[in-house]
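Remarks on the overall topology
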Amino acid sequence: MSRWRRLYDHALYGALDGLLAWMLFGTLIQPTWTWWLSALVGGGLIGAAVGGTLVGLGPLLDGTWRRCVRFTAVGTLLGLVGGAVGFWVGEAVHYALLPGATAPGSVRILGALLDRALGWMIFGLAIGMAEGLAMRSVRKMGYGAIGGTLGGLVGGAVFGTLMTLLTPGASAYLWGQMFGLMILAAAIGLCTALVEDVLRPAALRVVRGWREGREHPLLKSVVVVGRDEAADVLLLRDMNVAKRHAIIRQQEERFLLELAEGRPEHTLRNHEPVLDGVELHDGDRLQFGSTVLRFSRRSTPSRQPASTPVLTAAPA
């Protein structure tokens with residue numbers, strides 16, 4: 001998916017997850033439960049619903065079912081834990097700071113904004129890290145942690161404000177819960193995708209081939225390109241692409257393309273066969289089989305001539 005489509009999808013599916021979480025919360029949580037039990041169970045339900053869908057979204061749209069199951073499982077588990085802990089912490093701080101209803105309105109609103117934001121920041125942190133954990137990418141975990149925390153802060157502040165301004169038990173309060181959770185989940189999805197888009201060092205964009213227009217962020221020191229579902233840059237429906245066709249290594253500021261199982265005649269950089277390791281530069285055109293991608297990076301250091309081969313040390 002393209003950059004803007006990815007941001008849109010994460011915000012949209014996040015909002016739909018928030019709606020699902022609100023329905024589960026209203027159906028399963030009983031009003032006779034204590035606040036801490038409602039927080040733990042309700043937060044876990046919300047976290048599992050949001051985390052599972054947001055983390056499994058990419059593989060789901062790709063139709064890679066094994067990867068989708070793995071990503072969804074990781075997202076559901078971390079979302080459940082993060083949601084339960086975050087909701088409980090937020091409610092605990094809320095009741096500790098505002099034990100009664102006699103506090104001035106401005107104080108109650110500020111308190112709700114801060115404590116709910118704190119709790120949902122923990123939730124957003126867990127959701128944001130889940131996809132990086134599923135991908136086994138430390139860098140993606142870091143970007144996700146930043147984006148998820150920011151999304152939880154913004155969404156939690158909105159959620160807390162709505163819950164304070166509206167009257168418990170009224171129909172408007174229920175609608176406020178729904179919109180608050182939708183905004184919360186949309187903010188987490190949007191901020192997670194946005195931070196990754198801004199901070200990623202480089203990406204491959206599909207110019208021709210399966211999922212044309214999709215961008216693949218390069219977030220690992222060793223990125224595998226191929227037809228295997230375990231590949232980091234997945235290129236399906238092209239039988240001239242090997243399962244582990246090529247490898248892109250990041251060495252400090254440089255990105256090096258090396259053959260793995262792919263054949264030189266099916267691996268081109270700027271229309272030239274790749275025989276040895278070559279350094280990639282911003283705007284390079286890469287072709288694997290009949291699939292064409294364009295390499296781009298966030299910041300471009302001094303360029304070398306495009307035809308200069310780069311010899312790399314053999315792996316230990």
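Shown above is the structure to which this text applies.
This write-up is about the structure you can find in this document. (Residues numbered from 1 in each chain as written. Predicted model: local features only at pLDDT ≥ 70, side-chain atom pairs only at ≥ 80, totals over all residues. Heavy atoms only, no water.)

1. Quick look at the overall build of the protein chain
The cut-off we apply is this: The secondary structure listing takes helices from DSSP runs of H or I that are at least 4 residues long and strands from runs of E that are at least 2 residues long, numbered from the N terminus. The cut-offs for exposure are 20% and 50% of the maximum accessible area for each residue type, with area from a 1.4 Å probe on protein chains only; residues under the lower value are buried, those over the upper are exposed, and the others partly exposed. When checking whether two residues touch, look at their non-hydrogen atoms; a contact exists if any pair is within 4.5 Å. Note that accessible areas follow from Shrake-Rupley with a 1.4 Å probe, and for residues the cover is restricted to the protein chains shown.
When you go through the protein chain residue by residue, the secondary structure sums to six helices and eleven strands. For the protein chain, the residues scored as buried account for 49% of the 316 residues in total. Put simply, of all contacts in the protein chain between residues at least 6 apart along the chain, 60% involve residues at least 24 apart. By element, 65% of the accessible surface of the protein chain is carried by carbon and sulfur atoms, the whole surface being about 14800 Å².

2. A word on the sheet that holds strand β10 (residues 285-288)
Test applied: What makes two strands pair is DSSP finding at least two bridges between them.
The six strands lie next to each other as β2-β1-β11-β10-β7-β8, forming an open sheet whose pairing is antiparallel. Each edge of the open sheet carries a strand with a single partner, namely β2 (215-217) and β8 (272-273). Bridge analysis of strand β7 (residues 267-269) against β10 gives three bridges, and the strand direction is antiparallel. Counted as the bridge partner of L268 is Q287 from β10.

3. So, a nonpolar patch on the surface
What counts is decided by this rule: The patch calculation keeps residues exceeding 30% relative accessible area without a salt bridge and links them within 9 Å when they carry like charges or within 5 Å when they are nonpolar (Val, Leu, Ile, Met, Phe, Trp, Tyr). For salt bridges, the criterion is a side-chain nitrogen of Lys or Arg within 4 Å of an Asp or Glu carboxyl oxygen.
A cluster of nonpolar residues, W35, W36, L40, V41, W88 and Y95, forms a patch on the protein surface that exposes about 540 Å² of accessible area. If you list the elements that add at least two residues to the nonpolar patch, you get α2 (35-62) and α3 (65-97). Ranked by residue count, the leading element in the nonpolar patch is α2, at four residues. Relative to the helices and strands, Y95 resides in helix α3.

4. Re the sheet that holds strand β4 (residues 233-234)
The mixed open sheet is built from five strands, whose spatial order is β4-β3-β5-β6-β9. The sheet terminates laterally at β4 and β9 (278-279), the two strands that pair on one side only. The sheet contact formed by strand β3 (residues 222-226) and β4 spans two bridges and is parallel. From the neighbouring strand, V225 faces β4, where its bridge partner is V233.

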